Amino acid sequence: MRALDRKVLRDLRLLWSQAITIALVVASGIGGFLATLSAVDSLAQARDGFYASGRFADVFATVKRAPAALAPRLAEIPGVVDVQATVETFARVTVPGSTDPVIGQLIGLDADRPQRLNRVLLRSGRWPEGGSRPGGELDAVVTESFADAHGLGPGETVSALVNGKRRTLRITGTALSPEYIFGGLFGMPDLRAFGVFWVDHDELAAATDMAGAFNRVALKLSPQASQDAVLAQLTRRLAGLGGEPPHGRDEQGSHAMLDNEIREQRVLGTVLPAIFLAVAGFLLHVVTARLVATQREQVAALKALGYRDAAIAAHYLKLVAPMVLGGFVLGIGLGHAMGTMLTGLYADFFRFPRFDFGIPPGLVVAGLALVVATAVLGTLTAIQATVRLSAAQAMRPPSPGSYRRALLERLPRLRLAPSLRMILRNLERRPLRAAVTIGGMAAATAIVIMGNFFRDAIETIVETQFGLAMRGDLIVWTTDPVDAAAGRELARLPGVLEVEPGRRIAVRFVHGSRSQKGLVDAYPAVPSLQRVVDVEQVPRPPGVHGLLMTDRLARKLGLEPGDTVTVEVREGRRAVLRLVVERTVRDMMGMNAFIRRDTLNRALGDGDLANFFSLRAGPGAVERVLETTQGLPKVAGAFSKATMLRNMQEVSARNILIMSSVLTAFAAVIAVGVVYNNARIALAERTWELASLRVLGFTRGEVSVLLLGELALGIAIALPLGMLLGWGLTHGVVQLMRSDQFLFPVVIRPRTYAWAALCVVAAGLASALVVRRRIDSLDMVAALKTRE
C-alpha cells in the first residue's frame, strides 16, 4: 500500500464521526432526489403504459343527444383515426350501510362490440350481462377504488336513481379505466363519494331514453394531427346538439390531476436535494480545510519529498471519497425505501393495472455525478491555497490570527463578560466560516418550515373553502337550469333552514388574441351560504353589472379592471356576452369569474334561473335532507360538506404527516451535521487554548462555555434567519408549483416556526453534549505540547 493511501486510512479513523455526519447529509440529499424523481418517473411510466394499452382518447365531447349515425361521420374529420360513441349518465347512488352521498357515473358497454378507445380492464368478477332482471336490476362493473373504499365485492348491490327511477345495480366485478385513473369528485381526493359503473349499453340506453343515440364521444388522433383543427371541426359538426364543447386531455379531470401531481413532485425533487448537496459541499470544504490546516507541515514534507500538487490534491480527494460514496450508497437504499413508500401513497389515489417502483439507471448516474461534483468542488476549494504553497512556505506556521475588540465591545456603556468577548472576537476573526455555519443551520430551519407548511396551507384552504366560502351544509344541483322558485320546494323539506339559489355556466373568455376556458359563478347580490373569499379570508361581493375575476385569469388574458372581455357561453344556446371586469380577486380555486345571478340571467335573456342550491340544515338533519332530495325530479345530485371534508381529511392528514416527518428528519441531519462538525473543528483548532485556560484555573464548565457558547450564539442568529429563509423558500416552491387552476396559499403559522426552532435547537443540544464530553476528557499535557 502506498504511503499516501495509508495516511488516508489514518485520517479517516481520526475523522470517523465527522465522516458519518457528512455521509448522512449526502444520503439525505441523494435519497430525496432519487425517491421523488424515480417515484414520479414510475407514475409517468404507469400512466403512459395504461394510456397506450387502454387506447386513451385525445379529444372528448358531450352532447344532449346525437343520432348514432353521426359517429361514423365524425371519423371523417382529418386527423381522426378512431371514434367511440357511448351513452353515459350521472346518478345518485346509495350504498347499503352508508349514509354518505355518492355520485355515480353510469357508462354503457356493448358486449357485441369490443371497446376501441378508453378500454376498461376487468380486475375481478365478470362483465355485465344484458337482458331483463327481476325488478329492473342491472349488472354493473365498478371502479376498483370505489369498491375498495366501500368494501364492495361481486354479488353485492347498490341502488341508483337513474332518470328519476330507482334501479338496483348488482356488482359483478371491479375494473380500471385509463379515463378514470383518478376518480375523485370535483378534483377532491374523495374516493368514497364518486364511482364509475359500467352497465349494459342497451339497458342504459333504454333507461335514459337514448336508444339509437349517444351523448358522449371520444376521438383518437393521429400523431401528426392538429388538435386545435380537430376541435374546431368537431365543434361545428356537433353544433346545435347541446352539451359541452369538445376538449382535449388537458381538461379531462383524471389526466389533469396526474399531470399536476407529476409537475409538483418534479419541483420538490429538484429544490430540496439541491439544498442538501450544497450543505454537504460546505461540510466537505470545512472539514478538509481544517485537516489541511492542521497538516500544513505534512504537506510541506510531502512537497519536499517530491510529491506534486496534483498527487497531494488527489490524496485529499481520496480522503473525502469514502464519505460521499458511502453517503451515495446509503442514499440509494434510502431513496428506494422512500420511493416505495411514495409510490404506495400514489397508489391510493391513482389506480393502474401495474404500478411498479424502480430507480432508473440514468437517475442513479445523475445522482452520482452530482455527488462527485459536490465532493470535488468542496475539497479543491478548501485545499487549493495550501497545496499551491512552496515547501519552504508550508514549513512555516500560519500567521497568527488578528484579534481586536469586537463591534459590540466598541459600543459605549456596554459591558460584556470576558467569555462573551472571547466568543465575539473569535467569530469576527473567521467571518466567512461563521456565516456559512449559520447559513447551514438556517437552511435546516427553513426545511422544517417548508415540510410543515403544507399542513398549514391545507388547514387554511379547508377553513377558507369549507368554513368561510361554503357556509351551507349541502349543495344540490340540477340536470338543467330551473326556475329559482324551485328553492321554495327545497325550503319546505323537513330540517332545511335556509336555501340560496345560484347558477354556474361553462364559458370561454376571450380578450384580443388570448382566450381561456373557465366558469362563471352567479350568486345573489349579498350571498350568505356560498361566497367568494380571497386568500386573505376576506369575503368579496360578486360583480354588480360586470365580473369579479380571479387575478390569475385576468393576468393570463391581459385584463385590468374596467376592461371589457368577451364571454362565449359553452352550453345551451351558446350565447356570446360582452362584460366589464369590475374587480379582481385572489381566489384559490380555478380560473373563474363571479357575477350577480340576476345580472347573468338578464344578460343571457333568461328568466330567474338557477342550477344549484346551497342549503343550511338544522342540527342532525343533513342525512334526512339528503335522503329526501333523492325523490325530487330534476335533481342531478347532492353532497354534504361535512362528509366531503371528513373523507378528504382522512387522506390528507396521513400524507401531510408523512411528508412533514421525513423533511423534519432530513433537517435534523443537516443541523447535526453543521453544528457537530463546526464544534469538532473548533475544538481541534482551540485545544491548546482551552487546555491553557484549564491550567490557569478555569473550570470545565467555563471552558465549555467558550466553545459551546459560540455554537449557541450561531443558533440564536440562525433561527430568525432560517425563519426568513423558510418563508422565502416556501414562496419560491409555491411559485414553481403554481398552476392556472389552483393557488396554494402561503400561510406559515406560529406553531410551525416554533417546531422548526425546537428541532434545530434539539439537534444543536445533542451535538453540544457529544462535544462537551470530549472537552471533559481533554488531555491537557498532550494539548500543551502542541507547537504553536
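Because the structure is a prediction, the values reported are computed rather than measured.

Rules behind the numbers
- Numbering of residues starts from 1 in each chain and follows the order in which that chain's sequence is written.
- Whole-chain, interface and lining totals are the exception, using all residues; otherwise, since this is a predicted model, local features are given only for residues with pLDDT of at least 70 and side-chain atom pairs are given and counted only at 80 or more.
- With hydrogens and water stripped out, all remaining heavy atoms of the structure feed into the side-chain values.
- Pairing between strands requires that DSSP locate at least two bridges from one strand to the other.
- Secondary structure elements are taken from DSSP: a helix is a run of H or I of four residues or more, a strand is a run of E of two residues or more, and numbering for both begins at the N terminus.
- Every axis corresponds to a line fitted to the C-alpha atoms, with the helix fit spanning only the stretch in contact, and the corresponding angles, defined between N-to-C directions, vary from 0 to 180 degrees.
- Here, residues are in contact when the closest pair of their heavy atoms is within 4.5 Å.
- Take the buried Ala, Val, Leu, Ile, Met, Phe, Trp, Tyr and Cys residues and link them wherever side-chain atoms come within 4.5 Å; each set so joined is a nonpolar core.
- Exposure classes here rest on a 1.4 Å probe applied to the protein chains alone. A residue is buried below 20% of its type maximum, exposed above 50%, and partly exposed in between.
- Aromatic pairs are defined between Phe, Tyr and Trp rings, using the six-membered ring for Trp, whenever the two ring centres lie within 6.5 Å; interplanar angles under 30 degrees are classed as stacked, those over 60 as edge-to-face, and all others as tilted.

A.B. asks: Is there a simple way to think about the sheet that holds strand β2 (residues 80-86) in this case?
C.D. replies: Strand pairing within a sheet occurs via backbone hydrogen bonds; the two strands may be parallel or antiparallel. Spatially, the four strands line up as an open sheet ordered β2-β10-β1-β11, and their pairing is antiparallel. A single partner strand is all that each edge strand has here, and the edge strands are β2 and β11 (244-248). Across the sheet, the mean angle separating the axes of adjacent strands is 25° when strand polarity is ignored. Taken together, the six bridges between β2 and strand β10 (residues 213-221) define a ladder with antiparallel strand orientation.

A.B. asks: So what exactly am I meant to see when it comes to the environment of Val672 here?
C.D. replies: By the secondary structure assignment, Val672 is in helix α18 (residues 641-685). The residues contacting Val672, other than those within four sequence positions of it, are Asn677, Ala763 and Ser767.

A.B. asks: Honestly, the nonpolar core in this entry has me stumped. Any pointers?
C.D. replies: As a rule of thumb, soluble globular proteins bury nonpolar side chains together. Leu43, Tyr346, Phe350, Phe352, Val733 and Val771 are the most contacted members of the largest nonpolar core, which has 115 residues in total. Looking at this core, the element that brings in the most residues is helix α2 (residues 16-53), giving 16 residues. In this view, Val733 contacts Val267, Leu268, Val271 and Met450; residues no more than four positions away in its chain are not counted. One finds Leu109, Phe466, Phe639 and Leu645 within the second-largest nonpolar core, a separate group that totals 26 residues.

A.B. asks: Explain the packing of aromatic side chains here, please?
C.D. replies: Two aromatic rings, taken as a pair, are described by how far apart their centres are and by the angle between their planes. Tallied over the entire structure, the rule returns ten aromatic pairs. Measuring from centroid to centroid gives 6.4 Å for Tyr346 and Phe350, while their planes differ by 55°, and the two rings are tilted. Taking the relative accessible area as the measure of exposure, Phe350 reaches 4% and is therefore buried. Taking the centre distance of 5.2 Å and the plane angle of 65° together, the rings of Phe352 and Phe355 count as edge-to-face. The buried category is assigned to Phe352, whose relative accessible area is 6%. Members of the aromatic cluster, joined through ring pairs, are Tyr51, Phe56 and Phe60.

A.B. asks: Help me understand the pairing of strand β6 (residues 138-143), please; the structure alone is not making it clear to me.
C.D. replies: Sheet faces and side chains relate simply in a regular strand, where the side chains alternate between the two faces. Counted residue by residue, β6 has six buried out of six residues, so it is predominantly covered. Strand direction decides the pairing type here: β6 and strand β8 (residues 165-176), joined by six bridges, are parallel. Residue Leu138 lies in a different strand from β8, and its bridge partner there is Leu169. As judged from the two bridges shared by β6 and strand β9 (residues 194-200), these two strands associate in the antiparallel manner. If you follow Val141 over to β9, its bridge partner there is Trp198.

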